[in-house]
Amino acid sequence: MTKRVTQLSIPPLALRNAASDAVDNGEPYSLWADQFTCLDELQIISGPSTERASKIIRIGAWNLERGRDWREASKVIREQRLDIVLLSEMDYGMSRSGQVHTTQQLAEELGWHGLFAVEFVELELGHAWELVTPMDPENIAGLHGNAIISRFPLMKPWLHRFQFSDGSWWHRQFNEPRLGGRIALGALIETAIGDVQIMTTHLENNQGPAERAKAVAELFQTRIDDHPCVFGGDLNTSTFNPTQHTDPFRERSRLSAITPDRFRNPVPFEPLFELAHATGFQWGTCNTGDVTQRPRERGYPRAPLGRIDWLLIKQLIAQHAQTIPAIGTDGRTLSDHDLITCEIRLT
C-alpha cells in the first residue's frame, strides 16, 4: 500500500551494497524488495503557490535525464509559460547529478507543488559514460524516479507500480543493476470545468510494443474514471523490442529503410495507441510530428531518431502543440529528450 510522505525513506548504503552483492549471487528479487520501503512511498512536495487553473493550462512532458540541469530547465519552463510538467528520469541523492533531489530543487525554484516516486533504487553509480565525469564514490540515496510538478495544488495523489515490472532490472544485462520497476503517478487539479486528472508514466525501453500496451491497459483499468484526463510522458514508442536483436541500432536502420517515417510516427506499430483511442484518448492536437530524441555529446541516441514522448487527452481540447529543443540558455544540451508542450482549453 502506498504511503504518502513529505520525506522519502533513504535506504542505507550498507543495504544497497548488500543488494548489489545479491544480484551477483543470483539471489531472488523477492527476498530484497520488501526491505526498501521507499518503493511504496509517494513524496508530496508542497509549494507556496495557491493559483487555480483558469481558461488555459499549458502542460509539458519532459524526460529530463537525471535532472542534473534543473536550474537551466527551470528557465526553459518559465520561458514556455508552463503550468504543469510531467517529468521522467529524475534523480535523488545520485553522485552523477550532484547528490541533490532534482525534482524538489526544480519545484522549489519555481515555487510549485510536486509529486515524486521511486522507480528504481540504483545499486551503482550509473552508465559507463556517466563515470567519465569526476564524482563522489557513493550515492547518498541512490533513488531515481518520475514526478509531476505543478503551479496548481495536486489533490488525491496516487502511485501505481506495474505488476509485471518490479525486478525487471535485477541483473547486469543492461549494465545498470537496479531494484524496483516502472511506475505511474497522478493527481487531480481543480479547474473551471471541474477536477481534471493528470497522470504520467515512463514505459520500459527494454521491452516491445505488446508489453508497453499491457502496461497501459493495466494503468487504464486501475486509474481511468469519469474525469477529463491528461496522460503523458516518455512512452518509449520505439516500435520494437531491442533485447531481441544483437544490434538494435542496425535493426532500427533496417526498419527505417522499409518505412522511413516509422520512428517519427510509431502509432501503427504500437498497440498502446489503439488501446488509448478505445479508452477515449486522442493525441492528434497535443503533439507535433517532430522527433523527441536529442543526440548527446556521447553519440547517443543515434539516428534514425523517433518520437517517443507523448501527451494524450480525454474529454479535453488541446491546441498549440510544440516540441521544444532541450537546449539551455547557455547553449548546452539539457537532456537526450526534447520538451513537448500543448495548451489545454478549459471552456
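Residues numbered from 1 in each chain as written. Predicted model: local features only at pLDDT ≥ 70, side-chain atom pairs only at ≥ 80, totals over all residues. Heavy atoms only, no water.

Asks: Can you explain the sheet that holds strand β13 (residues 309-314)? Please cite residues and give values.
Replies: On the basis of which strands lie adjacent, the open sheet formed by 6 strands has the order β7-β9-β10-β11-β13-β12 and mixed pairing. Two strands lie at the open edges of the sheet, namely β7 (155-161) and β12 (281-282), each paired on one side alone. In terms of strand pairing, β12 meets β13 through 2 bridges, oriented antiparallel. Pairing of Q282 across the sheet is with I313, part of β13. In the packing of helix α4 (residues 209-223) onto the sheet, the strands contacted are β7, β9 (183-191), β10 (194-202), β11 (229-234) and β12, and the crossing angle to β7 comes to about 145 degrees. (Pairing = 2+ DSSP bridges. Helix = DSSP H or I, 4+ residues; strand = E, 2+ residues; numbered from the N terminus. Contact = heavy atoms within 4.5 Å. Axes fitted to C-alpha atoms, helices over the stretch in contact; angles between N-to-C directions.)

Asks: Break down the packing of helix α2 (residues 70-79) against helix α3 (residues 102-110) for me, with residues and values.
Replies: Contact geometry of α2 with α3 gives a least axis separation of 9 Å together with a crossing angle of 45 degrees. Viewed along their axes, α2 and α3 adopt a mutual orientation that is oblique. Relative to α3, the crossing made by α2 is right-handed. In this structure, α2 contributes W70, A73, S74, I77 and R78 to the contact, and α3 contributes T102, Q105, L106, E109 and L110. (Parallel < 35°, antiparallel > 145°, perpendicular 65-115°, else oblique. Left-handed = near helix turned anticlockwise from the far one by under 90°.)

Asks: Describe in detail α4, supporting the description with residues and values.
Replies: Between its terminal C-alpha atoms α4 stretches 21 Å, which fits the 21 Å expected from 15 residues at 1.5 Å a residue. Those residues of α4 that fall on the buried side of the exposure criterion are P209, R212, A213, A215, V216, A217, E218, L219 and F220. On its buried side, α4 packs onto β7, β9, β10, β11, α6 (272-278) and β12. (Expected span 1.5 Å × (residues − 1). Buried < 20%, exposed > 50% of the residue type's maximum accessible area, 1.4 Å probe, protein only.)

Asks: Can you tell me about the pattern of salt bridges, naming the residues and giving the values?
Replies: Between side chains of opposite charge, pairing is possible as soon as their charged atoms come close. Tallying each qualifying case throughout the model produces 25 salt bridges. In this structure, the salt-bridge partner of E122 is R96, at a minimum N-O distance of 3.8 Å. In this pair, E122 is assigned in strand β5 (residues 113-122) and R96 in the loop between β4 (84-92) and α3, connecting sequence segments 26 residues apart. Looking at E122, the relative accessible area reads 2%, which means it is buried. Using a relative accessible area of 8% as the deciding quantity, one classes R96 as buried. R178 is the partner of E122 in a salt bridge, and the nearest nitrogen-oxygen pair spans 2.9 Å. With E122 in strand β5 and R178 in strand β8 (residues 178-180), the pair connects residues that are 56 residues apart, well separated along the chain. What emerges from the salt-bridge pattern is a single network uniting R66, R68, E89, D91, R96, E122, E130, E176 and R178. (Salt bridge = Lys/Arg side-chain N within 4 Å of Asp/Glu carboxyl O.)

Asks: Go over helix α1 (residues 13-25), please, and point to the residues and values.
Replies: Relative to the 18 Å expected for 13 residues at 1.5 Å per residue, α1 spans 18 Å between its end C-alpha atoms, a close match to the ideal helical length. Among the structural elements, β5 and β8 are those in contact with the buried residues of α1.

Asks: Would you mind going over the side chain of T239 in detail, with residue names and values included?
Replies: For T239, the location among the structural elements is in the loop between β11 and α5 (248-258). Its relative accessible area of 4% is what places T239 among the buried residues. Dropping the residues within four chain positions of it, T239 is found in contact with P209, R212, R262, F263, P266, F269 and E270.

Asks: I'd like to hear about the pairing of β5, residue by residue, with values.
Replies: The buried count for β5 comes to 10 of 10 residues, which makes it a mostly enclosed element. Both strand β2 (residues 41-45) and β5 contribute to a ladder of 4 bridges, which runs antiparallel. Residue I45 lies in a different strand from β5, and its bridge partner there is G114. When β5 meets strand β6 (residues 143-150), the two strands line up antiparallel, connected through 8 bridges. Within β6, the position partnered with F116 by the bridge is A147. The pairing of β5 with β8 spans 3 bridges and is antiparallel. If you follow F120 over to β8, its bridge partner there is G180.

Asks: Account for the packing of aromatic side chains, with residues named and values stated.
Replies: As enumerated under the stated definition, the model contains 8 aromatic pairs in all. Taking 5.7 Å as the distance between ring centres and 55 degrees as the angle between the ring planes, the aromatic pair formed by F120 and W169 counts as tilted. Of this pair, F120 sits in strand β5 while W169 sits in the loop between β7 and β8, and the two are 49 residues apart along the sequence. Each member of the pair, F120 together with W169, is buried. Seen from their ring centres, F273 and W310 are 4.9 Å apart, and the 70 degrees between their planes marks the pair as edge-to-face. Separated by 37 residues along the polypeptide, F273 in helix α6 and W310 in strand β13 bring together distant segments of the chain. (Phe/Tyr/Trp six-rings, centres within 6.5 Å; stacked < 30°, edge-to-face > 60°.)

Remember that the coordinates give geometry; whether it matters functionally is a separate question.
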